[in-house]
Amino acid sequence: MRNVYYFSFRSPYSWLATRLVQRNLPQNVDLEWVPFWEPDSESVEALMAQKAEFPYQKMTDAKHRYILQDVRRLARDLGFEMRWPVDEAPHWEVAHLGYIKARQLGGERAYVDGVYRARWEQGRNISDPTVIADVANEAGLDGQAVAFAYRDPAVRNEGIECLLRIYRNDIFGVPYFMHKRDRFWGLDRLNLFLRSVGGQPYASTDLVSDNQPGAIYEFDHAGGCG
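The following paragraphs examine the structure supplied in this document. None of the values given here were measured: they were computed from a predicted structure. (Residues numbered from 1 in each chain as written. Predicted model: local features only at pLDDT ≥ 70, side-chain atom pairs only at ≥ 80, totals over all residues. Heavy atoms only, no water.)

1. Some details on unusual backbone geometry
Following V174, the chain continues to P175 via a peptide bond in cis, the omega torsion being -5°. Structurally, P175 is set in the loop between α8 (153-168) and β3 (176-179). Residue K51 is not a glycine yet carries a positive backbone phi of 60°. Structurally, the position occupied by K51 is in the loop between α2 (41-49) and α3 (61-78). Classification of K51 by relative accessible area gives exposed; the value is 72%. Residues other than glycine seldom take positive phi values, yet D170 does so here, at roughly 60°. Turning to its location among the elements, D170 is positioned in the loop between α8 and β3. According to the relative accessible area criterion, D170 is exposed, its value standing at 55%. (Helix = DSSP H or I, 4+ residues; strand = E, 2+ residues; numbered from the N terminus. Buried < 20%, exposed > 50% of the residue type's maximum accessible area, 1.4 Å probe, protein only.)

What follows is the structure, encoded as structure tokens:
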């Protein structure tokens, strides 16, 4: 089984995990990236037709306020600058199906960097196709093709396959890593994944120690979707 990373542009914990993976994962390690997002009504209907569903539950306001504080603390400790985005009528297919198109065009890594930077470092709205077009253009891609990939039936179908994979593999939150038979959920388990593939663990005084007990498996915990 290949090493797999389930990531989401929506999740601040996935943003931090992605930055750390880019810094600490050995270049010779093959890592498959699979996007994870809350589907729109069209994608939900397609999942239901396959007798599947997406494992997401809306978080409480109290948990959202905690995550806001927690992510700012973690970002500061890790040396990252962040701006909390304000989502107006979020449509997560725009950015995540844009990733699939960027991958088809061979520029997914630059695209991932650009989308995370736009959302979590610049506070931009990644549900706006004009923002995604800007990101794609900066990555050297066809901005219009990437920004409106969510309208492309072929890209939609590939996105549904990603969502079905999430459902069938019991992926309930991000960041989520797999190495052979081992699974690692949440930013606080990233060092364990890095060690398992021969990577360099990162240091952070504010993250849960690898020696502490595992997290309680509630879906929308702070290390989950965010």
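2. Notes on the packing of aromatic side chains
Geometry of an aromatic ring pair is reported as the spacing of the ring centres plus the angle between the planes. Within this structure, the stated rule accounts for 18 aromatic pairs. Considering the side-chain rings of W15 and W120, the 6.3 Å spacing of their centres and the 20° angle between planes classify their relative orientation as stacked. Residue W15 is located in helix α1 (residues 12-24), and its partner W120 is located in helix α5 (residues 108-121); the two are separated by 105 residues in the primary sequence. Relative to F193, the ring of F184 has its centre 5.8 Å away and its plane inclined at 65°; by these criteria the two rings are edge-to-face. F184 gets classed as buried once you look at its relative accessible area, which sits at 9%. Through successive ring pairs, a cluster of aromatic residues spans Y5, F7, F9, W33, Y99, Y111, Y116, F177, F184 and F193. (Phe/Tyr/Trp six-rings, centres within 6.5 Å; stacked < 30°, edge-to-face > 60°.)

In short, shape yes, function no, at least from these values alone.
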